[in-house]
Amino acid sequence: MKEPKLSEKDLLLMANTIRQDIVKMLVEAKSGHPGGSLGLTDIFTILYFKVMNHNPKKPDWADRDRFVLSNGHVCPVLYAALANSGYFPKSELSTFRKVNSKLQGHPHRGTVPGIENSSGPLGQGISQAVGMAIVSKREKQSWKVYSMIGDGEMNEGMVWEALMLASKYSLDNLVMFIDRNNIQIDGNSDDVLPLEPLGEKLRAFGFDTVEIDGHDMKAIYDAVIACESKPGKPHAIIAKTIPGKGISLMENKFEWHGKAPNKEQGDQALKELNIERETIQKGAD
Amino acid sequence: MAHSKSDSKPDSSTIEQMHLVPDLFAPTIVKKATRDGFGKGLVELTEQNPNIWALSADVSESSRTHWFAEKFPDRFVQVGVAEQNMAGAGAGIAACGKTVFISSFGAFSPGRNFDQIRVCVCYNKVNVKIHGSHTGVSVGPDGASHEILEDLAMMRALPDMIVIAPADMEEAKKATLEVGKLFGPAYIRTSRENSALFTTPQTPFKIGKANVYRDGSDLAIFACGLQVYEALKAAEELKKPENGALDVAVIGCHTIKPIDKETIVKYAKKCEILMSAEDHQVDGGLGSAIAEVLCSVYPAPLYRHGMYRRFAESGNCSDLYKKYELDAAGIVKHAKLAMKLKK
């Protein structure tokens with residue numbers, strides 16, 4: 001079944017809500033990865049609230065679209081998207097990274113409804129996404145596989161093994177987002193291990209490839225929908241994102257890849273997000 | 001050394017009981033590779049269960065998934081020389097409700113893709129079985145890079161992983177059929193070399209239950225893989241007066257995890273000295289699994305025989321087994337050393 005889809009304004013408000021949830025989770029946990037989580041919020045909002053066929057009441061529904069997170073450290077945005085979709089109570093978000101919580105520091109399949117795969121060690125999610133897409137295609141199912149990988153994650157050789165297999169089997173039911181935020185733990189991605197020309201590489205690996213602004217909700221939606229009319233190849237959407245998006249303290253700073261804001265920084269971040277929220281609410285429907 | 005039984009030849013009764021081939025030590029005994037047992041078992045299993053998928057990393061003929069591929073092309077995935085992706089993609093397929101076998105040389109799977117097996121398979125709790133063929137020194141001419149001697153140690157350390165090293169083709173086939181019926185990860189370790197087919201379809205096989213092929217009261221040898229048959233031959237030698245007329249029990253311990261505690265403790269009490277024999281490093285494999293039982297349940301001396309913390313080399317299997325004392329003669333030599341540990 002299709003979840004009721006949100007209006008444009010509601011989507012903006014949902015992204016704002018998710019960003020606020022992320023900040024609160026990280027402040028409470030005193031650890032975690034804000035950069036990528038905030039940077040990917042707009043894409044997650046579009047996927048979970050506009051694009052994917054899923055049913056939070058039936059997380060194991062056989063015909064659901066799969067979302068496979070490969071860069072598991074950005075799970076705060078996944079947990080917030082799942083909780084806001086209704087997979088589990090939002091009150092559980094405050095247990096993130098604490099003992100006895102379902103919400104592990106990196107996702108664990110089987111403990112959280114809606115989590116399709118355990119991830120953390122980089123490169124492994126996209127490989128699993130390819131496996132799922134092979135099943136859907138071979139068994140002539142209509143469900144699709146959406147996956148997210150980080151640009152730094154593409155340092156892992158395993159990623160390219162997975163891409164070659166996706167191309168071999170013409171997995172046009174696979175849509176892979178690449179979080180092109182150009183940061184990783186030791187610095188800017190182009191300094192740590194240059195990836196460019198990324199688009200050309202992906203095309204050479206047999207992927208239908210587009211590059212978009214990962215914060216332009218219409219562009220995100222259009223890019224995903226366009227995949228449906230391009231059969232025969234797996235799809236790559238290189239999403240240029242701003243790590244830490246929405247929080248001035250964090251935007252574009254690799255130091256915030258894996259560091260949680262303290263209480264004071266968190267309050268400041270929430271203040272900024274509330275100002276943005278008011279602006280959205282004042283805007284036209 | 002005096003043996004307690006007047007008849008030190010329990011062979012005939014055990015052969016009957018365990019349904020071993022009649023001419024157990026005939027030079028003409030049929031030889032087949034354990035990898036063949038895996039390949040045949042996989043096809044038989046899939047004929048019964050349409051939910052089985054198999055993946056190969058460019059060694060489908062060598063690791064015997066090619067019979068599956070010919071028969072069930074729609075459920076076969078050739079991933080190329082990419083063992084990490086094989087484990088990941090296999091886990092993805094299993095996450096869709098399939099029972100998945102991934103197959104390559106043990107040196108590469110699990111040798112190369114331990115992390116993917118640990119996280120994509122075990123932590124994910126999906127139904128993936130790992131087949132590592134071409135394991136141990138018995139690989140032969142390819143040399144030490146391909147002779148994986150650490151796979152049992154790696155796989156044994158993973159939560160929920162069942163670990164089986166079959167002794168002959170028939171046992172490998174049964175192991176494949178049995179793990180295919182269970183939900184959860186399992187590792188099946190096979191060999192390239194044709195080796196004595198000494199069990200039969202009637203020989204019992206139960207995961208976690210060791211097979212006592214020969215009873216004895218002086219020394220109990222627990223072996224897995226190709227060393228089971230070598231140990232049976234060694235036991236024949238050891239009963240000769242010039243070798244001390246030892247009454248040696250031989251236990252085929254195909255399942256390394258979960259290990260058969262009951263049989264280990266039974267023979268520790270009976271013989272007061274155990275020996276392990278395996279084509280694997282002496283650390284971390286069958287010998288270590290037995291030691292863990294003994295030290296916590298019934299302390300008794302254990303002589304661990306295998307590869308002694310080193311790599312091997314190229315050569316044919318029989319030459320290597322002779323050099324590294326993993327054949328019957330080598331087991332005889334080490335059994336005598338083991339007897340010196342007996343209090």
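Everything quoted here is computed from the prediction, not taken from an experiment.

Participant: Just to check I follow, could you spell out the interface of chain A and chain B for this structure?
Facilitator: How big an interface is tends to be stated in terms of the accessible area lost upon association of its parts. Facing 24 residues of chain A, the contacting portion of chain B comprises 28 residues. Summing the contributions of chain A and of chain B, the shared interface buries around 2,100 Å²; its carbon and sulfur component is 53%. Per-residue buried area on chain A facing chain B is highest for Arg109(A), Arg138(A) and Glu161(A); these three make up 25% of the total on that side. The tally of links from chain A across to chain B stands at 1 salt bridge. Between Lys98(B) and Glu139(A) there is a salt bridge, with its nearest N and O atoms 2.8 Å apart. Counting across the interface, chain A meets chain B through 14 residue pairs in polar contact (both at pLDDT 80 or more). For the side of chain A that touches chain B, the secondary structure elements donating two or more residues are α5 (124–138) and α6 (157–168) of chain A. It is α5(A) that provides the largest number of residues to the side of chain A that touches chain B, a total of 8 residues. Here the side of chain A that touches chain B is composed, by residue class, of 10 nonpolar, 9 polar and 5 charged.

Participant: Explain the sheet that holds strand β2 (residues 145–150) of chain A here, please?
Facilitator: Strand pairing in a sheet is mediated by backbone hydrogen bonds. Such pairs are either parallel or antiparallel. All names here are of chain A. Pairing is parallel across the open sheet formed by 5 strands, whose spatial order is β1-β2-β3-β7-β6. If you trace the sheet from one side to the other, it starts and ends with β1 (66–69) and β6 (208–213), each paired once. Averaged over all pairs of adjacent strands, the angle between strand axes in this sheet comes to 20 degrees, irrespective of strand direction. Sheet analysis places β2 next to strand β3 (residues 174–180), joined by 6 bridges and oriented parallel. Bridge pairing links Val145 to Leu174 in β3.

Participant: Mind showing me how you'd approach the side chain of Asp179(A) here?
Facilitator: Residues and elements named next belong to chain A. Here Asp179 shows up in strand β3. Lacking a salt bridge, the buried Asp179 has Arg180 as its closest oppositely charged neighbour, with an N-O distance of 8.7 Å. Setting aside chain neighbours within four positions, we find Asp179 in contact with Gly36, Leu40, Met148, Ile149, Gly150, Asp151, Ala239 and Thr241.

Participant: Sorry if this is basic, but what is going on with helix α1 (residues 8–29) of chain A here?
Facilitator: For the α-helix, the turn length of 3.6 residues means that residues three or four positions removed from each other point alike. All names here are of chain A. Here α1 is 22 residues long and its end C-alpha atoms lie 32 Å apart, about the 32 Å a rise of 1.5 Å per residue gives. Counting buried residues along α1, 17 of its 22 residues qualify, which places the element largely inside the surrounding structure. Phi turns positive one or two residues past the end of α1, at Lys30, with a value near 60 degrees.

Rules and cut-offs
Residues numbered from 1 in each chain as written. Chains lettered and ligands numbered in written order. Predicted model: local features only at pLDDT ≥ 70, side-chain atom pairs only at ≥ 80, totals over all residues. Heavy atoms only, no water. Contact = heavy atoms within 4.5 Å. Buried area = accessible area lost by both parts, 1.4 Å probe. Salt bridge = Lys/Arg side-chain N within 4 Å of Asp/Glu carboxyl O. Polar contact = N/O pair within 3.5 Å; in protein donor to acceptor, adjacent residues only side chain to side chain. Helix = DSSP H or I, 4+ residues; strand = E, 2+ residues; numbered from the N terminus. Nonpolar A, V, L, I, M, F, W, Y, C, P; charged D, E, K, R; others polar. Pairing = 2+ DSSP bridges. Axes fitted to C-alpha atoms, helices over the stretch in contact; angles between N-to-C directions. Buried < 20%, exposed > 50% of the residue type's maximum accessible area, 1.4 Å probe, protein only. Lys, Arg positive; Asp, Glu negative; His and termini not counted. Expected span 1.5 Å × (residues − 1).

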